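Residue strings, one per chain:
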Amino acid sequence: CYYVSLTASFMIQPVSNRHSLAVDTKARQLTLRAMEGNVENEEDSLIRARVDEAWRFAPKPLLRIGGKGVSQNHGNSLGELLTAHTVVKVKINSQKLGTLEDVFDILKDFVEKGKANISGIELIHVRKSDNTIMCGLEGTMDRIKAGSFPPEEPPEELEEPLEE
């Protein structure tokens, strides 16, 4: 009889006959717990995959924040960009402004006070390694979770050869 050891790596080890029932029961319990946990992990990984897809949908940062900080002009620009693109990457080129989440909160205040008439924005994703955040219009994260954003690209129309 063999059992599977659920550690960082899976190992199959022989078990003596007298302990096989206890070990099999314990392995089943561990497997069931792992399987129950995988349901949540699968859901989380699906959401992560959809957020990654949205990240790739916005090809590059359209707004950059420098060392001088965030101004109302940044808020106005972000509002206009969000109206046109739904999601926008923002590159933060300074560590002086606090965390990336802090910069988002400041931007959010400026966007809501700005000229674009946007009721709210939300933080979709933070990529600390790039000092980049992705912002979206309010409700975009729900659309990402539901799988309705980013929109599918329309199929390319085939050009028919010209007849001479």
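Anything mentioned here points back to the structure above.
Described below are features of the structure shown in this document. If you're wondering where the values come from, they're calculated on a predicted model, not measured in any experiment. (Residues numbered from 1 in each chain as written. Predicted model: local features only at pLDDT ≥ 70, side-chain atom pairs only at ≥ 80, totals over all residues. Heavy atoms only, no water.)

### Focus: unusual backbone geometry
Trans is the common state for peptide bonds, and a negative phi is the common state for residues other than glycine.
Piece 1. Cis geometry marks the peptide bond from Phe149 to Pro150; its omega dihedral reads 0°.
Piece 2. Positionally, Pro150 belongs in the segment after helix H4 (140-146).
Piece 3. Phi at Thr86 takes a positive value of approximately 70°, unusual for a residue other than glycine.
Piece 4. Within the secondary structure, Thr86 is located in the loop between helix H2 (72-85) and strand E4 (87-92).
Piece 5. The phi torsion at Asn131 lies on the positive side, around 55°, for a residue other than glycine. (Helix = DSSP H or I, 4+ residues; strand = E, 2+ residues; numbered from the N terminus.)

### Description of the sheet that holds E4
Piece 1. Pairing is mixed in the open sheet, where four strands are placed in the order E3-E4-E6-E5. Bordering the open sheet on either side are strand E3 (63-65) and strand E5 (121-127), each of which pairs with just one other strand. Across the sheet, the mean angle separating the axes of adjacent strands is 25° when strand polarity is ignored.
Piece 2. Direction of pairing for E5 relative to strand E6 (residues 132-137): antiparallel, over a ladder of six bridges. Bridging across to E6, His125 finds its partner in Met134. (Pairing = 2+ DSSP bridges. Axes fitted to C-alpha atoms, helices over the stretch in contact; angles between N-to-C directions.)

### Here's the deal with the side chain of Lys89
Piece 1. Structurally, the position occupied by Lys89 is in strand E4.
Piece 2. Lacking a salt bridge, the buried Lys89 has Asp130 as its closest oppositely charged neighbour, with an N-O distance of 7.0 Å.
Piece 3. At 2.7 Å, the side chain of Lys89 and the backbone oxygen of Ala58 are in polar contact.
Piece 4. Setting aside residues up to four positions removed in sequence, Lys89 forms contacts with Trp55, Ala58, Pro59, Lys60, Pro61, Leu62, Leu63, Thr132, Ile133 and Met134. (Buried < 20%, exposed > 50% of the residue type's maximum accessible area, 1.4 Å probe, protein only. Lys, Arg positive; Asp, Glu negative; His and termini not counted. Salt bridge = Lys/Arg side-chain N within 4 Å of Asp/Glu carboxyl O. Polar contact = N/O pair within 3.5 Å; in protein donor to acceptor, adjacent residues only side chain to side chain. Contact = heavy atoms within 4.5 Å.)

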